[in-house]
Amino acid sequence: MSSKEDKVDPFQPRDMNTPRDQRSRTDGWVGGRADTWFGHYRENPASRSASDSRRMANDQDYAREVAKNLRQEDDALVNSDEALLAAGLTVAPVSPGIGIEIHGIDMAKPTDAQIEQVWRLYLARKVVFFRDQGHITWDEHIAFGKRFADIGYAFGRQRALGKNNSPTDYPEILRLYSDEGQPFAAANWHSDVTWSNRPPLGSILLARKAPPVGGDTVFVDCYALWDSLNPVLREFLQGRMAVHGRGGRDEAAHPICRTHPETGRNALYINPTFTNSICDMEPEASARLLAKLYAKMYSTPEHTCRFRWQDGSVAMWDNRSCQHYAVADFWPHERRMERVTLVDPTEDDEIPFWQDENGERHYGKRLATQESIDTPLSYA
Ligand SMILES: O=C(O)CCC(=O)C(=O)O
Ligand SMILES: [Fe+2]
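Residues numbered from 1 in each chain as written. Chains lettered and ligands numbered in written order. Predicted model: local features only at pLDDT ≥ 70, side-chain atom pairs only at ≥ 80, totals over all residues.

Q: Tell me about the site of ligand 1, residues and numbers included.
A: Around ligand 1, the neighbouring residues are Leu 176, Ala 186, Asp 192, Ser 203, Leu 205, Thr 217, His 324, Ala 326, Met 337 and Arg 339. Of all the secondary structure elements, the ones that give two or more residues to the shell around ligand 1 are β6 (202–209), β15 (322–326) and β16 (335–343). Residue classes in the shell around ligand 1 are distributed as five nonpolar, three polar and two charged. (Near = placed C-beta within 6 Å. Helix = DSSP H or I, 4+ residues; strand = E, 2+ residues; numbered from the N terminus. Nonpolar A, V, L, I, M, F, W, Y, C, P; charged D, E, K, R; others polar.)

Set out below in structure tokens:
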């Protein structure tokens, strides 16, 4: 970190009048953006890789090495590798950084090898998709989820909340049905249930009936969002907590930089749906910084993928590494989705934490609740 960015206040808008010869290569890539905030750091050609954009600008050999690695990675993505083929699977990436379609699986009877490959891709791609699973029953949907983790109620560990949206005797199934008379779409950026101190790790969402047009779901890669923040800002945010809540009822503080318990990677873990404020900041400064962060998070198509649903399509996402947004453009059509929610059996891994350089985990805390957050899962 020896660039001029070290000396700049990351909360001030960037001076667009920086003389050309003092600009970095990265400045060029963000210069045309509506939001020229200094926080934009690494939307460069290799932003999806963990490369150093400063070094890329000045070191040709390094840049060539990054390019070579990306070519290799993309080759593996596009041409299913041996382990996949051995499991009877093929894949098609939805975008270079996030999302992949997996073909060849039947969720009603997956093999052990397929489960292993799906989990590998799930961790690497943040969200995976299947097609043509409309035949599975509620029991099979639940059984599929149990191959990866514990099954939660509709909202994770809060039984009371999901009740109205679940079929009788199936509290594990969350129905998200929308039609002309009762329009509904989760049309806001979020990862699920972050107002809880134990948010569910992921979800498996099945389209029983997809609209003929519209109703896509968009996903954003929160590792890439964290990595592409300015280093000064990353340092400021690391270890810092934010309060998440829902309408002044349940509240929990979570680290803004969340370390994934399985991959060890850091993700930006705030969202405009549930995050209220940044801890230990004046309310006004907190609101301003959150607004700036959101402007960045949700104006970077490079870090997103968009999934077009068909009847029987499935999306299985990782709430620890990505966020989602259901596009509310399909009214008056019907859209009937059913979801199984995955919760982490290990409390230490389930509660979001940031892991520092010494391997120490820093947790937030539960602040208030009107629901019984840790309802035991009697059927898990
Ligand atoms: O309907 C969708 O595509 C996503 C809904 C959603 O936010 C969820 O199931 O958590
Ligand atoms: Fe959601």
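Q: Any chance you could break down the pairing of strand β1 (residues 90–93) for me, citing the residues and the numbers?
A: Every regular strand shows the same layout, with side chains that alternate between the two sheet faces. Direction of pairing for β1 relative to strand β2 (residues 100–103): antiparallel, over a ladder of four bridges. Across the sheet, Ala 92 pairs through a bridge with Glu 101, a residue of β2. If you look at the hairpin formed by β1 and β2, you'll find six residues sitting between the two strands, and Gly 99 has a positive phi there, around 90 degrees. (Pairing = 2+ DSSP bridges.)

Q: Describe the sheet that holds β15, listing the residues and the values that go with them.
A: With antiparallel pairing, three strands are arranged side by side in an open sheet as β13-β7-β15. Both edges of this open sheet fall to β13 (304–307) and β15, since each of them pairs with a single strand only. With strand direction ignored, the average angle separating the axes of adjacent strands in the sheet is 20 degrees. Where strand β7 (residues 217–221) meets β15, five bridges bridge the pair, whose relative direction is antiparallel. Residue Asp 221 lies in a different strand from β15, and its bridge partner there is Cys 322. (Axes fitted to C-alpha atoms, helices over the stretch in contact; angles between N-to-C directions.)

Q: So, the nonpolar core: which residues are in play, and what are the values?
A: Counting 72 residues, the largest nonpolar core has Ile 102, Cys 222, Ile 256, Leu 268 and Val 314 as its most contacted members. When residues in this core are grouped by element, the largest group, five residues, is from helix α8 (residues 222–227). Beyond its immediate chain neighbours, meaning those up to four positions away, Ile 102 contacts Leu 89, Val 91, Val 118, Leu 121, Val 128, Phe 129 and Phe 130. (Core = buried A, V, L, I, M, F, W, Y, C linked by C-beta atoms within 7 Å. Buried ≥ 20, exposed ≤ 12 C-beta atoms within 10 Å, placed from the backbone. Contact = placed C-beta atoms within 7 Å.)

Q: An account of the environment of Val 213 is requested, with residue identities and associated values reported.
A: With respect to the helices and strands, the residue Val 213 is situated in the loop between β6 and β7. For Val 213, a count of 10 C-beta atoms within 10 Å translates into the label exposed. It is 9.6 Å that separates the C-alpha atoms of Val 213 and Gln 310, two residues lying 97 residues apart in sequence.

Q: Explain helix α10 (residues 283–297) residue by residue, including any values.
A: Compared with the 21 Å implied by 1.5 Å per residue over 15 residues, the 21 Å span of α10 between its first and last C-alpha is a close match. Looking only at α10, the buried set comprises Leu 289, Leu 290, Leu 293, Lys 296 and Met 297. The buried residues of α10 occupy an angular sector of 120 degrees when projected down its axis, which confines them to one face. The exposed set on the far side of α10, more than 90 degrees from its buried face, consists of Pro 283, Glu 284 and Ala 291. The secondary structure elements touched by the buried residues of α10 are β7, α8, β11 (266–268) and β12 (275–278). (Expected span 1.5 Å × (residues − 1). Arc of directions from axis to C-beta.)

Q: An account of the pairing of strand β9 (residues 251–255) is needed here, citing residue identities and associated values.
A: Counted residue by residue, β9 has five buried out of five residues, so it is predominantly covered. Across five bridges, the pairing between strand β8 (residues 241–245) and β9 is antiparallel. Bridged to Ala 242 within β9 is His 254.

Q: Account for unusual backbone geometry, naming residues and giving values.
A: The peptide bond linking Trp 331 to Pro 332 adopts the cis configuration, its omega dihedral lying at 10 degrees. As for its placement among the helices and strands, Pro 332 is situated in the loop between β15 and β16. You will see that Val 193, though not glycine, has its phi angle at about 60 degrees, which is positive. On the secondary structure map, Val 193 appears in the loop between β5 (173–178) and β6. Non-glycine residue Asp 280 carries a positive phi angle of around 60 degrees. Of note, Asp 280 is situated in the loop between β12 and α10. Judged by C-beta crowding, with 8 C-beta atoms within 10 Å, Asp 280 ranks as exposed.

Q: Now, about the confidence of the model for the protein chain: what can you tell me, with residues and values included?
A: Residues of the protein chain with pLDDT of at least 70 account for 82%, and the chain-wide mean is 85. Here residues 23–42 scores under 50 on pLDDT; set against residues more than four positions off or in separate chains, the count is 49 contacts. Every residue in residues 373–380 is under pLDDT 50, and counting partners more than four places away or in other chains gives 15 contacts. (pLDDT = per-residue confidence, 0-100.)

Q: Pulling in residues and values, what's your account of the environment of Ser 53?
A: You can see Ser 53 is positioned in helix α2 (residues 53–58). Overall, Ser 53 belongs to the buried group, with 22 C-beta atoms counted inside 10 Å. Sequence-wise, Ser 53 and Ala 63 are 10 residues apart; in three dimensions their C-alpha atoms are separated by 8.7 Å.

Q: Describe in detail the environment of Arg 320, supporting the description with residues and values.
A: Within the element layout of this structure, Arg 320 appears in the loop between β14 (314–318) and β15. Spatially, the C-alpha atoms of Arg 320 and Leu 268 are 9.2 Å apart, while their sequence positions differ by 52 residues.

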